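# Fold and contact review
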2 protein chains.
Amino acid sequence: MPLVGVGDVSKRILLGRKLRSAQLGETLLPKKIALPVFASDALSSVAYAPDEVFIMLSLAGFSAYVWSWKIAIAVALVMAAVIASYRQTVHAYPSGGGDYEVATVNLGRTAGTTVASALLVDYVLTVAVSISAAAQYAGAAIPVLHNHEATVGAVMVVVLMAMNLRGIRESGTFFAVPTYAFMAAVIGTCLYGFLQLAGGTLPDVESANLTIVPDENYEGSLTTFALLFLLARAFSSGCAALTGVEAISNGVPAFRRPKSRNAATTLLLLGSIAITMMVSVIVLAKQMGLKYVDPSEQDRLLYPDGTPVGDGYEQNAVIAQIAKAVFSDFSPGFYAVVIVTGLILVLAANTAFNGFPVLGSILAKDGFAPRALGSRGDRLAYSNGIVFLAVMAIVLIVAFNAETTRLIQLYIVGVFVSFNLSQAGMIRHWTRKLTTERDPATRRRMQRSRVINAIGLSFTAVVLVVVLITKFLAGAWITLLAMAFFFAVMRRIKGHYDDVSDELAADEGDKVLPTRVHAIVLVGKIHKPTLRAVAFAKASRPNVLEAVYVAVDPDDTTALVEAWERRNLGVPLKLLHSPYRELVNPIVAYASEIRRANPRGVVAVYIPEYVVGRWWEQFLHNQTALRLKGRLLFTPGVMVISVPYQLRSSQLAVDRSQRGAQRVRPGDLRRGQVDERKSRRGQVNR
Amino acid sequence: MPLVGVGDVSKRILLGRKLRSAQLGETLLPKKIALPVFASDALSSVAYAPDEVFIMLSLAGFSAYVWSWKIAIAVALVMAAVIASYRQTVHAYPSGGGDYEVATVNLGRTAGTTVASALLVDYVLTVAVSISAAAQYAGAAIPVLHNHEATVGAVMVVVLMAMNLRGIRESGTFFAVPTYAFMAAVIGTCLYGFLQLAGGTLPDVESANLTIVPDENYEGSLTTFALLFLLARAFSSGCAALTGVEAISNGVPAFRRPKSRNAATTLLLLGSIAITMMVSVIVLAKQMGLKYVDPSEQDRLLYPDGTPVGDGYEQNAVIAQIAKAVFSDFSPGFYAVVIVTGLILVLAANTAFNGFPVLGSILAKDGFAPRALGSRGDRLAYSNGIVFLAVMAIVLIVAFNAETTRLIQLYIVGVFVSFNLSQAGMIRHWTRKLTTERDPATRRRMQRSRVINAIGLSFTAVVLVVVLITKFLAGAWITLLAMAFFFAVMRRIKGHYDDVSDELAADEGDKVLPTRVHAIVLVGKIHKPTLRAVAFAKASRPNVLEAVYVAVDPDDTTALVEAWERRNLGVPLKLLHSPYRELVNPIVAYASEIRRANPRGVVAVYIPEYVVGRWWEQFLHNQTALRLKGRLLFTPGVMVISVPYQLRSSQLAVDRSQRGAQRVRPGDLRRGQVDERKSRRGQVNR
């Protein structure tokens, strides 16, 4: 069904219910498309999570790399638990509210707001981290970009912002091609690597002949505590691989029926693929002798002769190094892997641009964000959100010089805050359900779900504690501060809406009718808009009707009075003298005057306006009318009636707004609001 | 009389005419105050014009300085002619339109628009040149600022902008103190110098022992042509002293009665003082052995031992050098001169901030600028003008590194374009008057005036040609380009207003009344604003009245319908179904639908609104109402009725707007719109 323009709506009013139901099902996603649509964020972390594990372990030198596959298993275990938990959520909350809804419904408003703050911060960090990693891959593929990662990243964000402001047509293909290509590239590379391993021909990566100097804090033999802390840091960095797995729980409404079952299946698929990819990459990299340190500490890497590699050495990302070695005899293979990895990272950042306005609209519906964010139509509100997201991400990218390793320190705490609250909410959900449920089979299923969520919570709680301990000083405090800020703002907004709602609550006195209507038509010149306003005012048959003119210049006034009398309109003309050449104050004062004389009556102020269409024409007109309307709204007992007269150029604005209404907004696809036919229809019509 | 707030206006309506006449006379300026108010711009050029003469002559070495006093006389002659001409203008056009009015009335719209473009460009250059010169004086007084003139200048412009945006209370004292201090300082210094000269004790300036290396183009003995060209360049730079003399002709309405005579006397006084100061400075500087070159070519200055002075040498402005030498035994004297000179330059820049909006309002009245600029009340329009002026001036100051010498090349061409058109207009004025005037005494006076203006025109025409020849490539082309741009924009705006006016001209068909009024009240919730809108709509007794609700969510809809029926308001509720959750389009479409069914009727759309007062609250409300109103204005046959409900916080906005209305706007004093009592009253009331 196409997006409906002005002309089509009459039909829609008549056939409303029919179209409503017809709408469902048509725009929904089959699993094979839903997977790439929701998976790019989760899968893309394979492009940087293994790197972070190796960087952390490298602090204690190459010998610590023996722990790498155990950490991979630990992360995989946590991910499996989280995936299993979200499969329960998807069944219990098919409405797409995700963690926010689960926390709000089961744990109350404070928990919900906390989750929302965490998610808002996470969207910013998703953009910052994904784009920083993408910039590093761009540096690997195009050497001239090396060492300009922050600039490259900022440019990428600006391009993404522009695309999302403009409205990109999101289709299944848009997501499917790069996501499946990425899966194929990484799994293909690893498979080929494992085949070589089995055949004993596995080559070393380029960094295999280097040695790692341990960080000064980890020199010599480690105490048990120091080793544990190191492994905890490596593990919590590796947990970056879990970011994005919750996306599907927000997108259930976009799935084909049976929605929940399809979403749960897709989630399982996503988890299996992500775990496979991550473990394969880590194991293979270790086998191929990878040496990998924090790019800002490259002097801890030494050549075989003992000299530091220095800043001239380009330390390629882990996947890039593996691909380079595995495809040593086939450089297009290397470039293909690097390019699709960069693409999926950009796509992951783009999902944040989609998710941010969607979350904004949910928060707006609940009164935690400006209500304008809640309506699809307000392009300005969407735009503000997108620009805000882009600016914050650019600030982070520039401040952290696009160093993924440092940004990761900020990233994971928000994700795990919402994981925890969501799991806790799910446990409460099942417990509550169990108090009323009597059917034994259902009860058994619910109890099983509760156990799964409890296991999930125990895993994510441990991770959150580990993350807080290992990352608080390294950057997580920034995230917590930002969350607190968002939390406070949302509470303030909600409080305001609640206050207003109380103040506006209707009581019986509100039905009383005004005793009389005193209408005044503002006259500036005698032209078509004025005459139309007089005619409309007359048609409304007020108790008193007069025209009002603010007299500034004596000559103009005389001319106008004469012209008024000559026209014989049957409406008396009242002059307001304004020695200071002001227009607004005398009118506002006169309206107040009338109202004071008759407090039970109402003053109807008719303002003739003409409307133009070009943007620069707007600056040339209506400024006084606008100011006047703004002021009159604050005057009790007054209603303001705009009587528009459409100039020929106004048609341009109508056309423009119709084009605007046909535009796709970020996140539409994920909410099930875009279909393929709309785009085709739009093109035919143009 | 105080500026009138909302509460006072009722009295003003009743006593309108009385207050109107009372207003006149009270805010007007006596000559001794008018002189400083209008003179700062003209007098301040003494602070840089002599310097420019010496810089140009120095191209041919010190020997060319023998021409300096002859050039001073030539500039003085031109100034005398221009002053004499403007005394005629002041008598013939006491309304204060100045050059723009003279050119428009006598030479037509194109000439008037040309003058306006020239003036707009000139305001920008007045700020840039005055502030650049002031920054140089600041560098002389505070050595640490030396070589940071561009930054100092930009900061000064920002401060001026902020003061003008905020609204400074301009009083006579504000102008009188620095202007009279400047006159006293310069004339006092020169007088003291001449006394020392008579007594044979005149000291040399600090640069007297230096030698000047001629520019490579002027080495050896000069051809007559080269000498003439050099003198022409020096002369046209010296003509910078003439900028600002036209200010009084724009300010006649601010003078006490007899306005024209007082203005003419003030003009004469201004001219005499400016000529005296300029000639004195040039003669004295020559006598004291000044050596002065373009600050960007300081390597052309040599120490007695033949080494260049280099960048370490601080070449003080001419007045500063004279003061330093004359007051060699009294350094406070030197500082006093430098400080008041800096002050008067800043004051001159401030007059541009005053004049720019005044010119804007005159242009707006004639349809050459957005009409909003014409009304006193629109603070936003004023602000835009001030910011525009400041930004352009900063761009120039930074681009030309605050080098007065280079900015002067851009400056004078605009001034002389308007001088010429104004004089030509005055000749045409007298010629036209003479065709009807019969009284011999008056005819003689007119003929004398015409001769004066003709002499003025012949002088200014020669100067314009000289300026164009000597300065076109040096920068005047930028000015002409900018003028052409402003000219084109103003013509476009005027054309638009003319088109609209044609399209809006009323004809007889416009009196026809709509046959019926179909009113719809938009309902979003049932609260006080909605009930008030329903009551107001009922009171207007339309032919059809219905409430309209856009149904998005089935549960919400059911709840609302039930609540509506329970309230028993006697108004039917119509549901518009909106499967895509849009609010605006269904309503616009429904209104169009009703109108189509009855093309002779009118649709009255009642929109309940509640108004809040805090700026951030505005973001949280009314966005839908705003968008809806914006769209409905483009829908033919619809009138839009805002029914406001004032929340408690809205009182804050009313208070704020009343405070804003009491603010002084730049240029008020020069237009005779500020008096001293207003400020006192304002303070008492607070």
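Rules of the game
Per chain, the residues get numbers from 1 upward, laid out in the order the sequence is written. As a convention, the first chain written is A and the first ligand written is 1, with the rest following in written order. Per-residue local features of the predicted model are confined to residues with pLDDT of at least 70, and side-chain atom pairs are confined, for both listing and counting, to 80 or more; whole-chain, interface and lining totals are unaffected and use all residues. Hydrogens and water molecules were not included; the side-chain quantities draw on all heavy atoms of the structure. Helix and strand assignments come from DSSP, with helices taken as H or I runs of at least 4 residues and strands as E runs of at least 2, each series counted from the N terminus. Partly exposed residues are those whose accessible area sits between 20% and 50% of the maximum for their type, while under 20% is buried and over 50% is exposed, using a 1.4 Å probe and protein chains only. Any pair of residues with heavy atoms lying within 4.5 Å of one another is described as a contacting pair. Accessible surface area values rest on a Shrake-Rupley calculation with a 1.4 Å probe, where residue burial reflects the displayed protein chains alone. For salt bridges, the criterion is a side-chain nitrogen of Lys or Arg within 4 Å of an Asp or Glu carboxyl oxygen. Pairs were defined over the aromatic rings of Phe, Tyr and Trp, the Trp ring being its six-membered one, requiring ring centres within 6.5 Å. Orientation was assigned from the angle between planes: stacked under 30 degrees, edge-to-face over 60, tilted for the rest. Whether a charge sits over a ring comes down to the Lys NZ or Arg CZ being within 6 Å of the ring centre and within 35 degrees of the ring normal. One number per residue, pLDDT, summarises how confident the predictor is, and it ranges from 0 to 100. Excluding any residue in a salt bridge, patches collect residues exceeding 30% relative accessible area, merging like charges within 9 Å and nonpolar Val, Leu, Ile, Met, Phe, Trp and Tyr side chains within 5 Å. The criterion for strand pairing is that DSSP finds at least two bridges linking the strands in question. Axis angles are defined between N-to-C directions and span 0 to 180 degrees, where every axis is a line fitted to C-alpha atoms and, for a helix, only to the segment in contact. By definition here, a helix of n residues has an expected span of 1.5 Å times n minus one. Working definition: roughly parallel below 35 degrees, roughly antiparallel above 145 degrees, roughly perpendicular at 65 to 115 degrees, and oblique for all remaining angles. Take the far helix as your reference; a near helix turned counterclockwise from it by less than a right angle gives a left-handed crossing, and one turned clockwise gives a right-handed crossing. Gly is put with the polar residues, along with every residue not named as nonpolar or charged; the nonpolar set is Ala, Val, Leu, Ile, Met, Phe, Trp, Tyr, Cys and Pro, and the charged set is Asp, Glu, Lys and Arg. Looking down the strands as they point away from the viewer, one classifies a crossover as right-handed if the path from the first strand across the helix to the second runs clockwise. Two axes define the bend at a residue: one fitted to the seven residues ending there, one fitted to the seven starting there, and the bend is the angle between them.

## Observations concerning the overall build of chain A
Scanning chain A for helices and strands turns up 23 helices and seven strands. Residue burial in chain A is summarised as follows: out of 686 residues, 59% are buried. Here the analysis covers contacts within chain A between residues at least 6 apart in sequence; of these, 82% occur between residues at least 24 apart. Summing over all exposed atoms, chain A offers an accessible surface of approximately 27,100 Å²; the carbon and sulfur share of this is 61%.

## Re the pattern of salt bridges
All names here are of chain A. Per the counting criterion, the structure on display carries 16 salt bridges over all chains. Here Glu-609 and Lys-629 are joined by a salt bridge, their closest N and O atoms 2.7 Å apart. Taken as a pair, Glu-609 in strand E6 (residues 602-611) and Lys-629 in helix H21 (residues 623-632) lie far apart in primary sequence, 20 residues in all. Here Glu-609 matches Lys-629 in class, with each residue buried. Shared partners join several salt bridges into a network, and the residues in it are Arg-109, Lys-494 and Asp-498.

## Some words on the packing of aromatic side chains
Enumeration over the complete set of coordinates arrives at 24 aromatic pairs over all chains. Ring plane angle 20 degrees and centroid distance 5.8 Å describe the contact between A:Tyr192 and A:Phe327, whose orientation is recorded as stacked. With a gap of 135 residues between them, A:Tyr192 in helix H8 (residues 172-198) and A:Phe327 in the loop between helix H12 (318-326) and helix H13 (331-365) connect regions that are remote in the sequence. One aromatic cluster in this structure is built from A:Tyr123, A:Phe356, A:Phe388, A:Phe485 and A:Phe486. A cation over a ring is seen here: B:Lys70 above B:Trp67, with NZ or CZ 4.8 Å from the ring centre. The cationic tip of B:Lys494 hangs over the ring face of B:Phe368; the distance from NZ or CZ to the ring centre is 5.5 Å.

## Things to note about the confidence of the model for chain A
Residue and element names in this part refer to chain A. Taken residue by residue, chain A gives an average pLDDT of 83. The fraction at 70 or more is 88%. Below a pLDDT of 50 lies the segment residues 1-26, which in the model reaches 44 contacts outside its immediate sequence neighbourhood of four places, other chains included. Note that residues 674-686 has pLDDT below 50 and, in this model, 20 contacts with residues that lie over four places away or in other chains. For this predicted complex, the interface score ipTM comes out at 0.70, while the overall pTM is 0.69.

## As for a nonpolar patch on the surface
A cluster of nonpolar residues, A:Leu468, A:Phe472, A:Leu473, A:Trp477 and A:Leu481, forms a patch on the protein surface that exposes about 530 Å² of accessible area. Note on placement: A:Trp477 falls in helix H16 (residues 440-504).

## Quick notes on the sheet that holds strand E5 (residues 573-577) of chain A
Taken in spatial order, the ten strands of this open sheet run E5(A)-E4(A)-E3(A)-E6(A)-E7(A)-E7(B)-E6(B)-E3(B)-E4(B)-E5(B), and their pairing is mixed. Two strands lie at the open edges of the sheet, namely E5 of chain A together with strand E5 (573-577) of chain B, each paired on one side alone. Ignoring strand direction, the axes of neighbouring strands in this sheet form an average angle of 30 degrees. In terms of strand pairing, strand E3 (residues 517-522) of chain A meets E6(A) through five bridges, oriented parallel.

## Describing helix H18 (residues 528-539) of chain B
Residues and elements named next belong to chain B. For H18, spanning twelve residues, the distance from its first C-alpha to its last is 16 Å, which sits close to the expected 16 Å at 1.5 Å a residue. Of all twelve residues making up H18, ten are buried, and the element is well covered by its neighbours. Buried within H18 are the following residues: Lys-528, Pro-529, Thr-530, Leu-531, Ala-533, Val-534, Ala-535, Phe-536, Ala-537 and Ala-539. One or two positions beyond H18, positive phi appears at Arg-541, with a value near 40 degrees.

## Regarding the side chain of B:Gln409
Relative to the helices and strands, B:Gln409 resides in helix H16 (residues 404-436). Residue class for B:Gln409 comes out buried when judged on its relative accessible area of 6%.

## Re the pairing of strand E6 (residues 602-611) of chain B
Residue and element names in this part refer to chain B. For E6, a buried count of ten out of ten residues is recorded, marking the element as mostly surrounded by other parts of the structure. Every second residue of E6 is oriented toward a common face, with Val-602, Ala-604, Tyr-606, Pro-608 and Tyr-610 on one face and Val-603, Val-605, Ile-607, Glu-609 and Val-611 on the other, all of them buried. Two strands pair when backbone bridges link them, and E6 and strand E7 (residues 638-646) are joined in this way by nine bridges, in the parallel orientation. Bridge pairing in E7 links Glu-609 to Pro-644.

## Re unusual backbone geometry
Residue and element names in this part refer to chain A. Cis geometry is found at the peptide bond from Arg-257 to Pro-258, where omega equals -5 degrees. Assignment of secondary structure puts Pro-258 in the loop between helix H10 (247-250) and helix H11 (259-287). Phi at Arg-541 takes a positive value of approximately 40 degrees, unusual for a residue other than glycine. In this structure, Arg-541 sits in the loop between helix H17 (528-539) and strand E4 (544-551).

## A closer look at the packing of helix H3 (residues 31-44) of chain B against helix H12 (residues 259-287) of chain B
Two packed helices can be described by the angle between their axes and the distance between those axes. All names here are of chain B. Relative to each other, H3 and H12 sit at 45 degrees, their axes nearing to 10 Å. As far as their axial angle goes, H12 and H3 are oblique. Where H3 crosses over H12, the two elements pack in a sense that is right-handed. Listed contacts from H12 to Lys-31, Ala-34, Leu-35, Ala-39, Ala-42 and Leu-43 of H3 are Asn-262, Thr-265, Thr-266, Leu-269, Leu-270, Ile-273, Ala-274 and Met-277. Class assignment of the residues belonging to the contact of H3 with H12 gives a composition of ten nonpolar, three polar and one charged.

## As for the packing of helix H4 (residues 49-58) of chain B against helix H10 (residues 224-238) of chain B
Residue and element names in this part refer to chain B. At their nearest, the axes of H4 and H10 sit 8 Å apart, and the two run at 165 degrees to each other. For the element pair H4 / H10, the angle class is roughly antiparallel. Pair H4 / H10 crosses with right-handed handedness. Along its contact with H4, which presents Ala-49, Glu-52, Val-53, Met-56 and Leu-57, the element H10 presents Leu-230, Leu-231, Arg-233, Ala-234, Ser-237 and Gly-238. For the contact of H4 with H10, the residue count by class is seven nonpolar, two polar and two charged.

## A few points about the pairing of E5(B)
Residues and elements named next belong to chain B. As judged from the five bridges shared by strand E4 (residues 544-551) and E5, these two strands associate in the parallel manner. Paired with Ala-551 across the strands is His-577, a residue of E5. Crossover handedness for the path E4 to helix H19 (residues 554-567) to E5: right-handed.

## What about the environment of B:Phe486?
Residue and element names in this part refer to chain B. Along the chain, Phe-486 turns up in helix H17 (residues 440-504). Given a relative accessible area of 15%, Phe-486 falls into the buried group. The contacts of Phe-486, once residues within four sequence positions are left out, are Ser-117, Leu-120, Val-121 and Phe-388.

## Side note on the side chain of B:Arg300
Mapped onto the secondary structure, B:Arg300 falls in the loop between H12 and strand E2 (301-302). The contacts of B:Arg300, once residues within four sequence positions are left out, are B:Ser58, B:Leu59, B:Thr211, B:Ile212, B:Val213, B:Pro214, B:Asp215 and B:Val293.

## Some points on H3(B)
Residue and element names in this part refer to chain B. When the terminal C-alpha atoms of H3 are compared, their 19 Å separation across 14 residues agrees well with the 20 Å that a helix rising 1.5 Å per residue should span. Largest kink in H3: about 50 degrees, centred on Phe-38. Of all the 14 residues making up H3, twelve are buried; the element is thus mostly covered by neighbouring parts of the structure. Of all the residues in H3, the buried ones are Ile-33, Ala-34, Leu-35, Pro-36, Val-37, Phe-38, Ala-39, Ser-40, Asp-41, Ala-42, Leu-43 and Ser-44.

## Brief notes about the environment of A:Leu43
Residues and elements named next belong to chain A. As for its position among the elements, Leu-43 is in helix H2 (residues 31-44). The exposure class assigned to Leu-43 is buried, which follows from its relative accessible area of 0%. Apart from residues lying up to four places away in sequence, Leu-43 is in contact with Thr-179, Phe-182, Met-183, Leu-270, Ile-273, Ala-274 and Met-277.

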